[in-house]
Amino acid sequence: MNQVAWVAQVAGKPVSIKEIDEREATLRAGNRASALPRPGTSEGRQLRRWLTQLVVAERVVDDEALARGLSDEDAPTLDEVLPDTSARLQIGSVAAATLGAPSARAVFADVTAAVEVSDAEVAAYHARNPLRFAETPAGPHGWRARPVAPSFDEVRDRIAAHLRAAARRQAFRQWLDARCAALVQLAPGYEHPGDPRQPDNTHKH
């Protein structure tokens, strides 16, 4: 895809083409190989661009963990950070994949430790979504009764935790995007998959 030996540099340190080749080979040897695009196609090149984004993001968070003196013991579990599909979609595929590593989750915890939500935000969420944490009691003959809207006091803490977790994911995504923008240089042919300037980007407006 390019004429240099590296696909990107992170803080001046190169990421070799060989590393992306090895990542792609590992994917193609896995049990989801049949779902992957064929090598050499537009979609295949986009896959390599995505792998490049993942590798550079991993380098960024690993360097940050070292700079902050963090260890894997500082990391929350993956389920705590990304509890469901909605959370993964919210944070984006690259950040979600990065958080598979304990070192990245340790950075996540440190970067987002100060994120909080206000009482007003919690109350407004409950007003918009009164049934979000409603119980559905069992009715006769196995039928479920209509959900019963809980009082604000009953669900205040659950709503606050829900909103705080979402805000932390957003803060981490923004932090990671900013750090990558500051530290990463991509080689021609390995631009971001969504970059409208590269020829394989098919998302048009």
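Quick caveat: nothing in here was measured; it's all calculated off a predicted structure.

Q: For this particular structure, what's the right way to read the overall build of the chain?
A: A count of helices and strands for the chain gives 8 helices and 3 strands. Along the chain, helices (α) and strands (β) appear in the sequence β-β-α-α-α-α-α-α-α-α-β when read from the amino end. Computed over C-alpha atoms, the radius of gyration of the chain comes to 21 Å, more than 25% over the 17 Å expected from 2.2 N^0.38 for 205 residues, which places it beyond the range of a compact globule. The dimensions of the chain, computed from C-alpha atoms along their principal axes, are 70 × 45 × 35 Å. Per-residue burial over the chain gives 35% buried out of 205 residues. Considering only residue pairs separated by 6 or more positions, the chain has 72% of its internal contacts joining residues 24 or more positions apart. Of the charged side chains in the chain, 26 are positive and 27 negative; the average position of the first set lies 6 Å away from that of the second.

Q: Whenever I open this one, the pattern of salt bridges confuses me. Can you help?
A: Two side chains with opposite charge may pair up if their charged atoms get near one another. In this structure the tally under the stated criterion is 12 salt bridges. Between R49 and E191 there is a salt bridge, with the nearest N and O atoms lying 3.5 Å from each other. Here the residue R49 occupies a position in helix α2 (residues 42–68), and E191 occupies one in the segment after β3 (184–186), the gap between them amounting to 142 residues. Exposure remark for R49: the relative accessible area of 2% places this residue in the buried category. On the basis of relative accessibility, which here comes to 22%, the residue E191 falls in the partly exposed class. Across the pair R173 and D177 runs a salt bridge whose closest N-O atoms are separated by 3.1 Å. Residue R173 and its partner D177 are located together in helix α8 (residues 152–183), separated by 4 residues, close to a single helical turn. Sharing partners across several salt bridges, the network here consists of D21, E24, R28 and R48.

Q: Help me understand the nonpolar core, please; the structure alone is not making it clear to me.
A: Note that soluble globular proteins tend to have their nonpolar side chains buried in a common cluster. Membership of the largest hydrophobic core comes to 32 residues, with the highest contact counts inside it found for V15, I91, L99, F172 and L176. Where this core is concerned, the elements lending two or more residues are β1 (6–10), α2, α4 (85–91), α5 (93–98), α6 (102–111) and α8. Per element, the largest residue contribution to this core is 8 residues, and it comes from α2. Leaving out residues up to four positions away in the same chain, F172 has contacts with V61, I91, A95, L99, A104, V107, F108 and T112. Judged by nonpolar contacts, the second largest core, of 8 residues, contains V117, V122, Y125 and F133.

Q: In this structure, what is going on with the confidence of the model for the chain? I would like to understand it.
A: Where the model shows low pLDDT, its predicted coordinates should not be examined in detail. Model confidence for the chain is summarised by a mean pLDDT of 90, while 93% of its residues fall at 70 or above. Mean pLDDT per element in the chain: helix α1 (residues 17–28) is the minimum at 93, and α6 is the maximum at 97.

The rules we used
- Residues numbered from 1 in each chain as written.
- Predicted model: local features only at pLDDT ≥ 70, side-chain atom pairs only at ≥ 80, totals over all residues.
- Heavy atoms only, no water.
- Helix = DSSP H or I, 4+ residues; strand = E, 2+ residues; numbered from the N terminus.
- Rg over C-alpha atoms; globule rule 2.2 N^0.38 Å.
- Buried < 20%, exposed > 50% of the residue type's maximum accessible area, 1.4 Å probe, protein only.
- Contact = heavy atoms within 4.5 Å.
- Lys, Arg positive; Asp, Glu negative; His and termini not counted.
- Charge placed at Lys NZ, Arg CZ, Asp CG, Glu CD.
- Salt bridge = Lys/Arg side-chain N within 4 Å of Asp/Glu carboxyl O.
- Core = buried A, V, L, I, M, F, W, Y, C linked by side-chain atoms within 4.5 Å.
- pLDDT = per-residue confidence, 0-100.

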